[in-house]
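Commentary on secondary and tertiary structure
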Amino acid sequence: MSVDIKNYGDADKKLIKKLTAAGKFDASLDQKLNIEKVNVEVMVRWVNERLTELLGFEDDVVVNLVENMLTQTQDAFSGQVKRVDPKQLQIQLTGFLDRQAAPFVAELWKLLLDAQDAPHGIPRAFVERKKAELLKRQATRDGDKAAIRKAGRPRCRAGGGEDAAAALASERGSWYCVNEATGERRWDAPGAEAKVVVRHVLVKHAGSKRPSSHRTATIALSKADAAAELEALRAAVAAAEDRAGALAAAARDRSDCPSSAKDGQLKPFARGELDKSFEAAAFALEPGALSGVVDTPSGLHLILRLS
């Protein structure tokens, strides 16, 4: 088994040789990957869900470690293209996942290899699972078609194949709905509560579930000081002419959440997808409204609902 280790330090070389000789790496890790052919956004969502399942809680540090491996494929100093290295990732994850690191990396790598050869850069298993979900929902809706048309409520369809891949690759809902009375078209199931879009600032403190972030390795800030900081930030954002812009700038400069790289904006979410306290605060806001300080296990948040 040959291993390309020319870019590693001496310690890494020795460790990889030792683990390779001991058969600690799955055979699939020797197969080359072209990450440019993979829908990385879909894979990062899977990584987040899978790691949360393995750890029993959300851990943005571990998720960021894997996400950076998939997205930072260019050396910051030389500008040269770096290959995605699953063996190095397995070594780095062992400190977080222990014995679960090897099976997780093997599972991830096999999905990535499948994705690079699949349409849309999405693993075939993901598309098939989504297709089955859409068809199941369609079968459930078929029995209600007459009542829906009579009431003038939205009539929906769920597709397979291309529609399933599109649903996975986008932030849209799984149903394309047409209100036969008004002609309105939307990507939400009838009667379902619409998803919300928010920007937020997360300030972690020493009592947070994981008192570390991409900004600070060890957070010693007290909860009271974190709350005072967010209250001051809230006053500044509330007084700004452009609240969304003000909160975006604050998120970039201060937020302990990885979403700071996206101006603090989260992907659209429905109830049951995030922390209950965070969701309750977000759904209670009108579009354009700003929350007070919201306390969750991850830390303290300031939330601005966009839509």
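Given the structure is predicted, the values throughout are model-derived calculations rather than measurements.

The next subject is the overall build of the protein. Within the protein, the regular secondary structure consists of eleven helices and six strands. When each of the 307 residues of the protein is scored for burial, the buried share is 41%. Restricting the contact set of the protein to residue pairs at least 6 apart, pairs at least 24 apart contribute 62%. Surface summary for the protein: the accessible area is close to 16,600 Å², and the carbon and sulfur share equals 50%.

The next thing to look at is the sheet that holds strand 6 (residues 299–305). Strand order in the open sheet formed by three strands is 4-6-5, and the pairing between neighbours is antiparallel. The open sheet has two edge strands with one neighbour each: strand 4 (198–203) and strand 5 (294–296). Put simply, the sheet's adjacent strands are angled 35° from each other on average, direction ignored. Two elements, strand 5 and strand 6, share three bridges in a ladder whose sense is antiparallel. The residue bridging Thr296 from the neighbouring strand is Gly299, located in strand 6. In this fold helix 9 (residues 223–239) packs onto strand 4, strand 5 and strand 6, with an angle of close to 20° to the strand it touches most, strand 6. The strands touched by helix 10 (residues 243–254) are strand 4 and strand 6; relative to strand 4, the strand with the most contacts, the crossing angle is about 35°.

Quick look at the UniProt feature "coiled-coil region" (unreviewed entry) in the protein now. Using the residue numbers shown here, the UniProt feature "coiled-coil region" (unreviewed entry) corresponds to residues 223–250. Across residues 223–250, the secondary structure splits into 89% helix and 0% strand, with the terminal C-alpha atoms separated by 19 Å.

Among the six residues that make up strand 4, six are buried, leaving the element largely enclosed by the rest of the structure. A two-sided burial pattern is seen for strand 4, the buried positions comprising Val198, His200 and Leu202 on one face and Arg199, Val201 and Val203 on the other. Looking at chain direction, strand 4 and strand 6 are connected through six bridges and run antiparallel. Its bridge partner being in strand 6, Arg199 is matched across the sheet by Leu304.

Where helix 3 (residues 60–71) contacts helix 4 (residues 86–97), the two axes come as close as 11 Å, and the packing angle between them is 175°. Of the possible angle classes, the one that applies to helix 3 and helix 4 is roughly antiparallel. Two secondary-structure elements touch here, helix 3 through Val61, Val62, Leu65, Val66 and Met69 and helix 4 through Leu89, Gln92, Leu93 and Phe96.

Moving on, we come to the packing of aromatic side chains. Two aromatic rings are characterised by how far apart their centres lie and by the angle between their planes. One pass over the structure, following the stated rule, counts four aromatic pairs. A ring pair is formed by Trp46 and Phe126, whose centres lie 6.5 Å apart and whose planes are at 35°; its orientation type is tilted. Residue Trp46 is found in helix 2 (residues 40–55), and its partner Phe126 is found in helix 6 (residues 124–142); the two are separated by 80 residues along the sequence. Across the pair, exposure class does not vary: Trp46 and Phe126 are buried alike.

Glancing now at helix 11 (residues 276–284). What helix 11 keeps buried is the set Phe278, Glu279, Ala281, Ala282 and Phe283. Buried residues in helix 11 make contact with strand 4, strand 5 and strand 6. The N-cap residue of helix 11 is Asp275: its side-chain oxygen and the backbone nitrogen of Ser277 are 3.0 Å apart.

What counts as what
- Every residue gets a number counted from 1 within its own chain, in the order that chain's sequence is written.
- Totals for whole chains, interfaces and linings use all residues, but because this is a predicted model, local features are given only for residues with pLDDT of at least 70 and pairs of side-chain atoms are given and counted only at 80 or more.
- As a rule here, side-chain values come from all non-hydrogen atoms in the structure, and water together with hydrogens is ignored.
- A helix here means a DSSP run of H or I that spans at least four residues, while a strand means a run of E at least two residues long, and both kinds are numbered starting from the N terminus.
- Burial classes follow relative accessibility: with a 1.4 Å probe on protein chains only, a residue under 20% of its type's maximum area counts as buried, one over 50% as exposed, and anything between as partly exposed.
- We call two residues contacting when some pair of their heavy atoms lies within 4.5 Å.
- Using the Shrake-Rupley algorithm and a 1.4 Å probe, accessible areas are obtained, with residue cover drawn only from the displayed protein chains.
- The criterion for strand pairing is that DSSP finds at least two bridges linking the strands in question.
- All axes here are fitted lines through C-alpha atoms, helices being fitted over the stretch that makes contact, and every angle between N-to-C directions spans 0 to 180 degrees.
- UniProt positions are given in the numbering used here, feature names are shortened, and annotations may be inferred rather than shown by experiment.
- Orientation is classified from the angle alone, with under 35 degrees giving roughly parallel, over 145 giving roughly antiparallel, 65 to 115 giving roughly perpendicular, and any other angle giving oblique.
- What counts as a ring pair is set by centres within 6.5 Å for rings of Phe, Tyr and Trp (its six-membered ring), and what kind of pair is set by the plane angle: stacked under 30 degrees, edge-to-face over 60, tilted for all other angles.
- Any N or O atom pair separated by 3.5 Å or less is treated as a polar contact, with the protein-specific requirement of one donor-capable and one acceptor-capable atom, and with residues adjacent in sequence counted only for side-chain atom pairs.

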